[in-house]
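# Fold and geometry: a report
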Amino acid sequence: MSFPKNFLWGSATAAYQVEGAWDQDGKGPSIWDLYSKLPGTTFEGTNGDIAADHYNRYKEDVKTMAEMGLKTYRFSIAWTRIFPQGAGKINEKGVEFYSNLIDELLKYNIEPMITLYHWDLPQALQDKYAGWESRKIIDDFVEYAKVCFKNFGDRVKYWIVMNEPNVFIGLGYGIALHPPGLKDRKKELNAGHITALANAKAIKLFRELVPNGMIGSSIAYGPAYSASESIEDKLALERYYNYGVWWWFDPYFKGEYPEEMLKYNQEKYGAPEILDGDMELLKSAKSDFIGINYYCTQMIADNKEGIGYNGMNNTGEKNSQKENGVPGLFKHVRNTKLEYTDWDWAIDPDGLRYGMLQLKERYNLPIIISENGLGAVDPIDEEGNIQDTQRVDYLREHIVACKNAIEEGVDLLGYCTWSYIDLLSWLNGYKKQYGFVYVDRKNNLARKKKLSYFWYKKVIASNGEEL
Ligand code: BG6
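Residues numbered from 1 in each chain as written. Predicted model: local features only at pLDDT ≥ 70, side-chain atom pairs only at ≥ 80, totals over all residues. Heavy atoms only, no water.

What follows concerns the overall build of the protein. When you go through the protein residue by residue, the secondary structure sums to 15 helices and 16 strands. For the protein, the C-alpha radius of gyration of 21 Å lies close to 23 Å, the compact-globule estimate for 467 residues. Each principal axis of the C-alpha distribution contributes one length, and for the protein these read about 55 × 50 × 50 Å. A burial count over the protein gives 61% of its 467 residues as buried. Expressed as a percentage of contacts within the protein between residues at least 6 apart in sequence, the contacts between residues at least 24 apart total 76%. When the 55 positive and 65 negative side-chain charges of the protein are each reduced to one mean point, those points stand 2 Å apart. (Helix = DSSP H or I, 4+ residues; strand = E, 2+ residues; numbered from the N terminus. Rg over C-alpha atoms; globule rule 2.2 N^0.38 Å. Buried < 20%, exposed > 50% of the residue type's maximum accessible area, 1.4 Å probe, protein only. Contact = heavy atoms within 4.5 Å. Lys, Arg positive; Asp, Glu negative; His and termini not counted. Charge placed at Lys NZ, Arg CZ, Asp CG, Glu CD.)

Written out as structure tokens, the structure reads:
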């Protein structure tokens, strides 16, 4: 069994991480433009002011995508380019940029795949009503979505509403690593619920405005195993899923919350606050596909010791990651059977297959892998060639896992690597590279194709046969 004929071989980026041009052509400031400049928030004070300067070099970048044979390019729209203040007056220059990018892609038969929200909330809305904490954001978000649907829906078929709500809400409100930098479980639960409502409303509008398009959202997916056969660990695993996995997939793709966990959260935190009509709205918005961003699996154990959040390896110093957990529910432990990256993420291709089979069983929807990739410091040889064999190995094995999943009945529409080009990792700076294309930060951001670029080109040309 091989990949379907129209399989979407793709690669992805996100506006804040790749575009740069942070205040060019009328763009307003996003929460990341401000947050990344606060002392101690990002790795070595890095930010996306310039990033890969894709905003000014998109034609050059699209040309190399075309040479590679890319079938789809997933990118995000910066809300602050369309509405510099989050709402109100449209910035035509912003609309024009994305319109040109779309045309450029279509010129080479590359299917554009748009992410509407990849974390760069307009700072104006954070200031006005605390962003995702307020239900007021729902209408502003839907208005922004409407402008995008109206301007780009004639040419763009694939749409992702939210990128990893579990990450931007979890890190923003749970462990204070993303803006607004809070540790407040109640706000976290309420804000998460509001993202689901905004997602649902945007989907409903999409049906009217882009009747032939396909829409979904992307969740960061960490399938998990139980650390042992003990009942304690198995129950901890179940709690992990209900607390952090199904908790997000269910409202987005089934219009409900895992029942026991909903009870637990409402008793313990009095949240999320669910108003009349909320659940009906969630139920009534049907996604066409589930987007997943997959990097690694988790090994879960019981957490009697009450281990809480203990920081993240954001330096690339292998084995520096400490044990993390949620007291009373579960903790993450090292999976001794797996290799880990320098950022202590488990490398587990078969976990991707396992994860997709779980999703098929629970939701029975098509899947798009909207991100998958290896973050590493790439070796450069004496001739200046970037020999990212480790990335090639990583991607190859994950593509094999996709093939196996398809054989087992998963309806996989596409596979996007993260990322097309080296870009800013929010908390890990430019040190953590993911791209097929290297960006020489010491030489005017000159682009250079890596070994993986030529490898993926063959993969695409052979529709996944030549790995
Ligand atoms: C996902 C995000 O969480 O993973 C991307 O959607 C991000 O924006 C990617 O860059 C890799 O994570 P990191 O932290 O290694 O950059």
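Before going further, it helps to spend a moment on the sheet that holds strand β3 (residues 111–117). The strand order β1-β2-β3-β4-β5-β7-β13-β14 describes a closed barrel built from eight strands, whose pairing is parallel. Within the sheet, the average angular offset between the axes of one strand and its neighbour, ignoring direction, is 30°. Looking at chain direction, strand β4 (residues 158–163) and strand β5 (residues 214–221) are connected through four bridges and run parallel. The partner of N163 across the bridge, within β5, is S218. Along the sheet, helix α10 (residues 231–253) makes contact with β4, β5 and β7 (290–294), crossing β5 at roughly 175°. (Pairing = 2+ DSSP bridges. Axes fitted to C-alpha atoms, helices over the stretch in contact; angles between N-to-C directions.)

The next point concerns the packing of helix α9 (residues 185–209) against α10. One way to put it is that α9 packs onto α10 with a least axis distance of 9 Å and a crossing angle of 30°. Accordingly, the angle class assigned to the pair α9 and α10 is roughly parallel. Along the contact surface, α9 presents R185, L189, G192, T195, A196 and N199, while α10 presents Y243, W247, W248, P251 and Y252. Partitioning the contact of α9 with α10 into residue classes produces seven nonpolar, three polar and one charged. (Parallel < 35°, antiparallel > 145°, perpendicular 65-115°, else oblique. Nonpolar A, V, L, I, M, F, W, Y, C, P; charged D, E, K, R; others polar.)

A word on the environment of E143. Structurally, E143 is set in helix α7 (residues 136–152). Once the C-alpha coordinates of E143 and G88 are considered, the two residues, 55 residues apart in sequence, prove to be 9.5 Å apart.

On to the site of the ligand, then. Around the ligand sit 15 residues, and of these E164, E371, S425, K432 and Y434 come closest. The contact in question runs from an oxygen atom of the ligand to an N or O atom on the side chain of H118, over 2.9 Å. Contact distances for the ligand include 3.4 Å between an oxygen atom and a side-chain N or O atom of W418. Isolated, the ligand exposes 370 Å² of accessible area, and the fraction of that covered by the protein chains is 90%. Grouping the constituent residues of the shell around the ligand by class yields six nonpolar, six polar and three charged. (Near = heavy atom within 4 Å. Polar contact = N/O pair within 3.5 Å; in protein donor to acceptor, adjacent residues only side chain to side chain. Areas by Shrake-Rupley, 256 points an atom, 1.4 Å probe, with all protein chains shown as cover.)

Our focus in this paragraph is the state of the cysteines. A covalent bond bridging the sulfur atoms of two cysteines is what the word disulfide describes. Scanning the entire structure with this criterion turns up zero disulfides. With no disulfide of its own, C402 lies 11 Å from the sulfur of C416, the closest cysteine sulfur. Accessibility expressed as a relative area gives 0% for C402, which makes it buried. A relative accessible area of 0% means that C416 is categorised as buried. (Disulfide = S-S within 2.5 Å.)

Looking now at helix α8 (residues 165–174). With respect to burial, α8 is a largely interior element, nine of its 10 residues being buried. Within α8, the full set of buried residues consists of P165, N166, V167, F168, I169, G170, L171, G172 and Y173. Among the structural elements, β3, β4, α9, β5 and α10 are those in contact with the buried residues of α8. Looking one or two residues past α8, A176 carries a phi angle of roughly 55°, positive in sign.

What follows covers the packing of aromatic side chains. Counted by the stated rule, this structure contains 46 aromatic pairs. Summarising the aromatic geometry, the rings of Y55 and F97 are spaced 4.3 Å apart at their centres and angled 35° between planes, so their arrangement reads as tilted. With a gap of 42 residues between them, Y55 in helix α3 (residues 54–68) and F97 in helix α5 (residues 92–107) connect regions that are remote in the sequence. Look at F97 and you get buried, because its relative accessible area is 5%. For the ring pair W79 and F141, a centre distance of 5.6 Å and an interplane angle of 65° mean the geometry is edge-to-face. In this pair, W79 is assigned in helix α4 (residues 79–82) and F141 in helix α7, connecting sequence segments 62 residues apart. For the pair formed by W79 and F141, the shared burial category is buried. A connected cluster of aromatic rings, assembled from ring pairs, spans Y221, Y240, Y241, Y243, W246, F249, Y252, F253, F330 and Y363. When the ring centre of Y269 is taken as origin, the NZ or CZ atom of R185, which lies over that ring, is 5.5 Å away. Positioned above the aromatic ring of Y340 is the side chain of R334, whose terminal nitrogen or guanidinium carbon lies 3.7 Å from the ring centre. (Phe/Tyr/Trp six-rings, centres within 6.5 Å; stacked < 30°, edge-to-face > 60°. Lys NZ or Arg CZ within 6 Å of the ring centre and 35° of its normal.)

In contact at an axis separation of 8 Å, helix α13 (residues 349–363) and helix α14 (residues 389–407) are set at 30° when each is read in the N-to-C sense. As far as their axial angle goes, α14 and α13 are roughly parallel. The interaxial crossing formed by α13 with α14 has right-handed handedness. Contacts from P349, L352, R353 and M356 of α13 reach α14 at E397, H398, A401, C402, N404 and A405. In terms of residue class, the contact of α13 with α14 is built from six nonpolar, two polar and two charged. (Left-handed = near helix turned anticlockwise from the far one by under 90°.)

This paragraph deals with the pairing of strand β8 (residues 298–301). Relative to β8, strand β6 (residues 224–226) runs parallel, the two sharing three bridges. The partner of A224 across the bridge, within β8, is Q298. Pairing geometry for β8 and strand β10 (residues 330–333), over three bridges, is antiparallel. Looking at the pairing, M299 lines up with V333 of β10.

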